[in-house]
Amino acid sequence: MRLLIDDKIPFIHGQAERLGTVRYMPGAAISRDDAMQADVLIVRTRTRCDAALLDGTPVRFIATATIGYDHLDRDYLSRAGIGWANCPGCNATSVAQYVATALLPLIDSGRLPERPTVGIVGVGHVGTAVALHLRQMGFPLLLCDPPRRERARHGTPCAAPHTAIADDACTATMEQLAAEADVITFHVPLTDGGPYATRHLADARFFAALQRRPVVINAARGEVADNTAWVEALDRHLTGPAIVDTWENEPHILPALLRRAYIATPHIAGYSADGKARGTQMALEAVARHMGCAETFAIAPPPLPDGFRYWQGTPEADLLRHPALRRYDPRRDSEALKACPEAFERLRGDYPLRRE
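All of the points below concern the structure found in this document. In this text, all values refer to a predicted model and were calculated from it rather than measured experimentally.

Considering the pairing of strand β7 (residues 141-144)
Okay, step 1: As judged from the four bridges shared by strand β6 (residues 118-121) and β7, these two strands associate in the parallel manner. When the bridges of β7 are listed, valine 121 appears paired with cysteine 144.
Okay, step 2: Each parallel crossover has a hand, and the one from β6 via helix α5 (residues 125-136) to β7 is right-handed.

Below you can see the structure in the form of structure tokens.
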């Protein structure tokens, strides 16, 4: 079996070789000529897997070591008989950590109440992890997930990974969030069709309806939020601080939103070493299943060194109040991106050690 693998997938070197002959290269540079020499691809979001890349190649399976899969042309893959797998839930805890630690300085500064009401849009793998984490912190929650609300109405059982939160708890509407939430955070997949399309879910109408000038967070997919409308909403003071991890047109992000965002990060909310290890393990095991072999993988991230502090700029007083910031402070990632936005891809690819 010939495997072509994005060379930025962590902890995979020396493991994938158990499955066959391996070639590593930058994901964004993978071409049709490269795919002609592969039976399996293991990629991230930077590799667009469609007919232009794959038509006429021997590739018969793709594993993406990510939750998201909108970079896979699933209709084409189905027609071409190419199997695929993603890694649902691999970085859910990491995103929950990102959301919580991004809110802590806003609470300390008085820009949010001590126990803000948080509206969570999308209560799947990631939204569930965010909800459980914030619930432990004592935050009131409004859970908005129309497909799950419909399942509850029709008595259809929920998929197993989400049973920590029942479908009938996900009944809040976007209108209710607009009226009551101090924070609104998006954790939905990117979809274009059907009654629950999420592209530009946060659009000009959404921002105009906000009644409490909430903090808005997008750590889902970039196109879930209309970035131009978001800038206009910030300029009109319709919304509070913006926390932006996923952007339209990555890596060519909107400078106006970057300048106005309170926290602006290069699509790394899920980039803990723990989440990366889970994604890599899930991707390799998906390939093994495709090959019909019994290989299993136990991939663990490295331990933190003694005295580890993710960002030396975190004030000691903040660390005393919130020890979680010692392990991860998203302001470090925000400062790095704002200082050098053209390094968006490098900041993702060379991301430092971070543990959940």
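So, next bit.
What about the sheet that holds strand β9 (residues 215-218)?
Okay, step 1: Spatial ordering of the open sheet is given by β7-β6-β8-β9-β10-β11, a layout of six strands whose pairing is parallel. Of all strands in the sheet, those bounded by a partner on one side alone are β7 and β11 (263-264).
Okay, step 2: Alignment of β9 against strand β10 (residues 242-244), held across three bridges, turns out to be parallel. Along β10, the bridge assignment pairs asparagine 218 with valine 244.
Okay, step 3: Contacts from α5 reach β6 and β7 within the one sheet, and its direction differs from that of β7 by about 170°.

Things to note about the pattern of salt bridges
Okay, step 1: For the coordinates displayed, the defined rule picks out 25 salt bridges.
Okay, step 2: Ionic pairing is found between arginine 221 and aspartate 70, a salt bridge with its closest N-O pair at 2.9 Å. In this pair, arginine 221 sits in the loop between β9 and α9 (227-235) while aspartate 70 sits in the loop between β4 (61-64) and α3 (74-80), placing the two residues 151 residues apart along the sequence.
Okay, step 3: The exposure class assigned to arginine 221 is buried, which follows from its relative accessible area of 12%.
Okay, step 4: A cluster of three or more residues bridged by salt bridges with shared partners is formed by Asp108, Asp318, Arg321, Asp329 and Arg331.

Thoughts on the packing of aromatic side chains
Okay, step 1: Under the defined criterion, the tally for this structure stands at eight aromatic pairs.
Okay, step 2: Sitting over the face of the ring of tyrosine 328, arginine 354 holds its NZ or CZ atom 3.7 Å from the ring centroid.

Here is what the cut-offs are and how they apply
Note on numbering: residues in each chain are counted from 1, in written sequence order. Local features in a predicted model are, by the rule used here, given only for residues with pLDDT of at least 70; side-chain atom pairs are given and counted only at 80 or more, and totals for whole chains, interfaces and linings are based on all residues. Where side-chain values are given, they derive from all heavy atoms of the structure, hydrogens and water being excluded. The pairing criterion is simple: DSSP has to find at least two bridges between the two strands. Labels follow the DSSP assignment, with helices taken as runs of H or I lasting at least four residues and strands as runs of E lasting at least two, numbered in each case from the N terminus. By convention, a crossover is right-handed whenever its connection, traced from the first strand over the helix to the second and viewed with the strands pointing away, goes clockwise. We call two residues contacting when some pair of their heavy atoms lies within 4.5 Å. To obtain an axis, a line is fitted to C-alpha atoms, over the contacting stretch when the element is a helix, and the angle between two such axes runs from 0 to 180 degrees between their N-to-C directions. For salt bridges, the criterion is a side-chain nitrogen of Lys or Arg within 4 Å of an Asp or Glu carboxyl oxygen. Relative accessibility decides the category of a residue: with a 1.4 Å probe and only protein chains considered, values under 20% of the type maximum give buried, values over 50% give exposed, and everything between is partly exposed. Each Phe, Tyr or Trp ring, with Trp reduced to its six-membered ring, pairs with another whose centre is within 6.5 Å; inter-plane angles below 30 degrees give stacked pairs, above 60 give edge-to-face pairs, and intermediate values give tilted ones. Two conditions define a charge sitting above a ring: the NZ of Lys or the CZ of Arg must be within 6 Å of the ring centre, and it must be within 35 degrees of the ring normal.

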